[in-house]
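Residues per chain, in single letters:
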Amino acid sequence: MGVIGLLSFVQNVCPSACVTVDLKEMAKEYQEANPGCTPTIVVDAMCCLRYWYTLNSWVQGGQWLEYVSHLKDFIDCFRAAGIKLVFIFDGVVEQKKRPAWVKRRLNDNKKIAKIFRFLKANRRQPGRAMFFIPSGLSTFSRFALKSLGQEVFCSKQEADYEVAAYGLQNKCMGILGEDTDYLIFNTVPYFSISNLKLNQLVTVTFSREILCDTLGLGMTDLPLFACLVCNDTIPEDMFRAFQRKCMSSDHPKIQSYNKKGNMFFAVANFISNIPPSHRSLEMLERLLPVESDMTLLRTEIESYVLPEQESPWLSPKMPQSQAIGDEQEKAMYSDKEILQMAMEQHFRGENFMICNILCKRETECSNTLEDEDDSGLSSQALIYCPLRQHIYALLLGTEKDSSGACPTVKEWYVYPGNPLTQPDIIQAVDLDIPGGTPSLRTLWLTKGPEIQEQRYYVYLACFHVENSVKEFQALDGPIAVVCCLLVYLLLQVHSLSLEDLNAFVAQTLCLQGKSVNQLKHLQLSEVNSRAVHLGFLFIRGIITSMGVNSACGFPFQMDDLMPWKMFDGRLFHQKYLKAHRRCSAEELLEGNVSLLTQFNHLKSLICAVCTSRSRTIESKPRGYMFLPENLVRQDPYFSKPHRSHLNPPFHYQGRRHQRRGSHSSGFRSQHFGRGHSGRRFQPTSRFPR
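Cut-off values and rules
Residues numbered from 1 in each chain as written. Predicted model: local features only at pLDDT ≥ 70, side-chain atom pairs only at ≥ 80, totals over all residues. Heavy atoms only, no water. Helix = DSSP H or I, 4+ residues; strand = E, 2+ residues; numbered from the N terminus. Buried < 20%, exposed > 50% of the residue type's maximum accessible area, 1.4 Å probe, protein only. Areas by Shrake-Rupley, 256 points an atom, 1.4 Å probe, with all protein chains shown as cover. Core = buried A, V, L, I, M, F, W, Y, C linked by side-chain atoms within 4.5 Å. Contact = heavy atoms within 4.5 Å. pLDDT = per-residue confidence, 0-100. Salt bridge = Lys/Arg side-chain N within 4 Å of Asp/Glu carboxyl O. Expected span 1.5 Å × (residues − 1). Phe/Tyr/Trp six-rings, centres within 6.5 Å; stacked < 30°, edge-to-face > 60°. Lys NZ or Arg CZ within 6 Å of the ring centre and 35° of its normal. Pairing = 2+ DSSP bridges. Axes fitted to C-alpha atoms, helices over the stretch in contact; angles between N-to-C directions.

Chemist: It is not clear to me how the overall build of the protein should be interpreted in this structure. Could you clarify?
Modeler: Summing up its helical and strand segments, the protein has 31 helices and 15 strands in all. Counting across all 689 residues of the protein, residues that qualify as buried make up 59%. For the protein, the accessible surface area stands at approximately 28,300 Å², while carbon and sulfur atoms represent 50% of it.

Written out as structure tokens, the structure is:
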């Protein structure tokens, strides 16, 4: 993240800029210098996810209760030292960083394929070298930290800018993260999360002053330096010719280090020999390739200038904080009262996926641990598409425009066969309920018990279980959420079996009585690749359910939708292995007779709803999970066509595409045209009417 190669340069070329610090001692010094003020560290949460998730198990779907316990320990260490933490999460992917985002997603696809090859060959979890962050970790971390009483924000623009600005404006003790952009911003000290020794509260801070002294630059020159040596936004090859020209000059420090180090010194030397003015910047902009945005350098330097700061390289104009403008004025949604509410919830980290859809009609989802070679299980991006279409209908309505098209959303979702060269254009789909889809004003602004009942009904309608309101209302919140999700999955994915249902229900019930220590010491006889895929499919379902809950006006408390209330990866894996060995219900429930009645009731409810929707859940042949390839010819479910890398979601035929029919998905074969910015399709409902 940040400036490519800068961290290595600092560590190897100017190691004196890397200073080991004791945060406890710094906190005491801060309090002495600022009486009555609490020493505060602002945390770039996205940089900390790998540091936080150090649990032994990661491939089965996430050890969520254990993870929350680890977060609590992290917070307690700082609290004991009198240090307050403020967490800021990424709230958007800015368009200028979309190419970098896509590149990472495509690289992650290769890593995931490698993980599944290992799982099938070895039937055990890979080593930490192949570690892949569990799906939804950033989303769930946000809510976990809030539940632990922490101050949490979601950014409205690039998170590193807001972290740097928050630290400066609130006179924080420092920033905790892992992004070299914090060396470029003129803000408070930058502490490294990767070097943090938690029990001692000792880490490394990087000195901007020493970096500037080494390069021969002023602090206000660093943003231009970051642009010319290339950062996350500016491609490495954009200034390659310029960099080579700088390196060809005769400078005593050049040729003393590796190629990257020499280039840094050469570019810094060039900058130090030109006057810092907007005219100099205009001269540099003429070096950009002809097809480039000629204001790129100006825009990038502005992105490093914090509120109340100025840059000598820019012409005097509106400060950056004002130039960004009111987000509401840019938004595509016309109801400003609703938009204001959504943005406030977003900033406080209280809703999910709502703000970007209302403001930009765009959303994204990164990689999931799913096996693209499993013909019986599609990608979560495709399985949950109809559910998202109902979310879009709730947020944007379904009123057609002059061309007869419903509102659409650009989706950047990762799934096998998607090159991510452009977004999919997904239409909103109306709910099939009396009166149609209610308006956001009704769901969000109306008060009283009747509207809360309507919110609950609409939530169930998104999963097409609205005819069982009384049965679901009789369940505890997390259990009701799980049942909605399992009904949806069973209707969407016809390769799911009674054994899969048994495993999901049993692990949900057994989780209620488990301690962190018990979950930590669960033993697995092996790791099954299909169970891994199912575990993460369920986790993505929980995340999508959070979007439904947010759009409906929170019929459930968000805490009811957290995975530590309903899912543990290792526990599910254990139940899956036992269920497919045809263990009895008593054994699945660990001999807890008191759970048996509830287990049978939930299964009966789920199966009854599925049957009413024309889906009968059956057992699979014994040994099914171990020999899926051999059973493809035997199993009636596998005799139907499925989407996979062999049967891709989009069958290209020149400039027109045809959605392949699929028994498991309920899609009918139909044509759709290419929009100006992506693929467009409007699937029919996957549910029988």
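Now that the structure has been shown, we can carry on.
Chemist: Looking at this structure, how should I read the nonpolar core?
Modeler: One recurring pattern in soluble globular proteins is that nonpolar side chains are buried together. Counting 156 residues, the largest nonpolar core has Trp52 and Leu358 as the members making the most contacts within it. With 13 residues, the single largest contributor to this core is helix α24 (residues 477-492). When near neighbours in sequence (up to four residues on either side) are disregarded, Leu358 contacts Met332, Tyr333, Ile338, Leu339, Ala342, Leu395, Leu396, Leu440 and Trp444. Counting 63 residues, the second largest nonpolar core, distinct from the first, contains Cys172, Ile234, Val267 and Leu306.

Chemist: So what exactly am I meant to see when it comes to the confidence of the model for the protein here?
Modeler: On average, residues of the protein score 87 in pLDDT, and 86% of them are at 70 or above. pLDDT under 50 marks residues 623-689. Its contacts with residues more than four places away, or in other chains, come to 158 contacts.

Chemist: Hey, could you run me through the pattern of salt bridges in this one?
Modeler: Any two side chains of opposite charge can pair, so long as their charged atoms come close to each other. This structure, assessed with the given rule, holds 29 salt bridges. Of the charged contacts in the structure, one is a salt bridge between Lys28 and Glu25, with a shortest N-O distance of 3.7 Å. In this pair, Lys28 and Glu25 both sit in helix α2 (residues 23-33), three residues apart, roughly one turn of the helix. Arg123 is the partner of Glu526 in a salt bridge, and the nearest nitrogen-oxygen pair spans 3.9 Å. Residue Glu526 is located in the loop between α26 (516-520) and α27 (529-551), and its partner Arg123 is located in the loop between α5 (98-122) and α6 (137-147); the two are separated by 403 residues in the primary sequence. A relative accessible area of 41% means that Arg123 is categorised as partly exposed. One connected set of salt bridges, linked through shared partners, spans Lys97, Arg104, Glu158, Asp160 and Asp232.

Chemist: What's the story with unusual backbone geometry in this structure? I'm lost.
Modeler: Trans peptide bonds make up most of the peptide bonds, and negative phi angles are found at most residues other than glycine. Phi at His464 is positive, roughly 65°, even though this residue is not glycine. Looking at the element boundaries, His464 is found in the loop between α22 (449-462) and α23 (469-473). In this model, Phe554 sits at a positive phi of 65°, which is unusual for a non-glycine residue. Looking at where Phe554 falls in the secondary structure, it is placed in the loop between α27 and α28 (569-579).

Chemist: Any chance you could explain the side chain of Ser135 here in plain terms?
Modeler: Looking at the secondary structure, you find Ser135 in the loop between α5 and α6. For Ser135, a relative accessible area of 3% puts it in the buried group. Apart from the residues lying within four places of it in its own chain, the contact partners of Ser135 are Trp64, Phe140, Asn367, Thr368, Leu369, Phe536, Ile539, Arg540 and Ile543.

Chemist: What am I meant to see in helix α20 (residues 385-396) here?
Modeler: Because each turn of an α-helix spans 3.6 residues, side chains separated by three or four positions end up pointing in the same direction. Spanning 12 residues, α20 covers 16 Å between terminal C-alpha atoms, matching the ideal 16 Å at 1.5 Å per step. Listed in full, the buried residues belonging to α20 are Cys385, Pro386, Leu387, Arg388, Gln389, His390, Ile391, Tyr392, Ala393, Leu394, Leu395 and Leu396. Downstream of α20 by one or two residues, Gly397 has phi in the positive range, about 80°.

Chemist: Would you take a moment to explain the packing of aromatic side chains for this structure?
Modeler: In this structure the tally under the stated criterion is 31 aromatic pairs. Between Tyr384 and Tyr488, the ring centres sit 5.8 Å apart and the planes meet at 10°, which makes this aromatic pair stacked. In this pair, Tyr384 is assigned in the loop between α19 (380-383) and α20 and Tyr488 in helix α24, connecting sequence segments 104 residues apart. When its relative accessible area of 0% is taken as the criterion, Tyr384 is described as buried. We classify Tyr488 as buried; its relative accessible area is 0%. Seen in terms of ring centroids, Phe572 and Tyr576 are 6.1 Å apart; in terms of plane orientation they differ by 55°. Their pairing is tilted. Placement of both Phe572 and Tyr576 in helix α28 is noted, with a separation of four residues, approximately one turn of the helix. Judged on exposure class, the residue Phe572 and its partner Tyr576 are both buried. Put simply, the rings of Tyr53, Trp58, Trp64, Tyr67, Phe131 and Phe140 touch in pairs and so form one group of aromatic residues. Here Arg98 stacks its cationic end above the ring of Trp101, 5.0 Å away from the centre of that ring. Above the face of the Phe347 ring, Lys156 is positioned so that its terminal group lies 4.9 Å from the ring centre.

Chemist: Is there a simple way to think about the sheet that holds strand β2 (residues 40-44) in this case?
Modeler: Each strand in a sheet pairs with its neighbour through backbone hydrogen bonds, running either in the same direction (parallel) or in the opposite one (antiparallel). Pairing is mixed across the open sheet formed by seven strands, whose spatial order is β1-β7-β6-β5-β2-β3-β4. Edge positions in the open sheet fall to β1 (18-22) and β4 (151-154), since each of these has one partner strand only. For this sheet, the mean inter-axis angle between neighbouring strands, taken without regard to orientation, is 30°. As paired strands, β2 and strand β5 (residues 174-177) are joined by three bridges and run parallel to one another. Each bridged residue has a counterpart across the sheet, and for Val42 the counterpart in β5 is Ile175.

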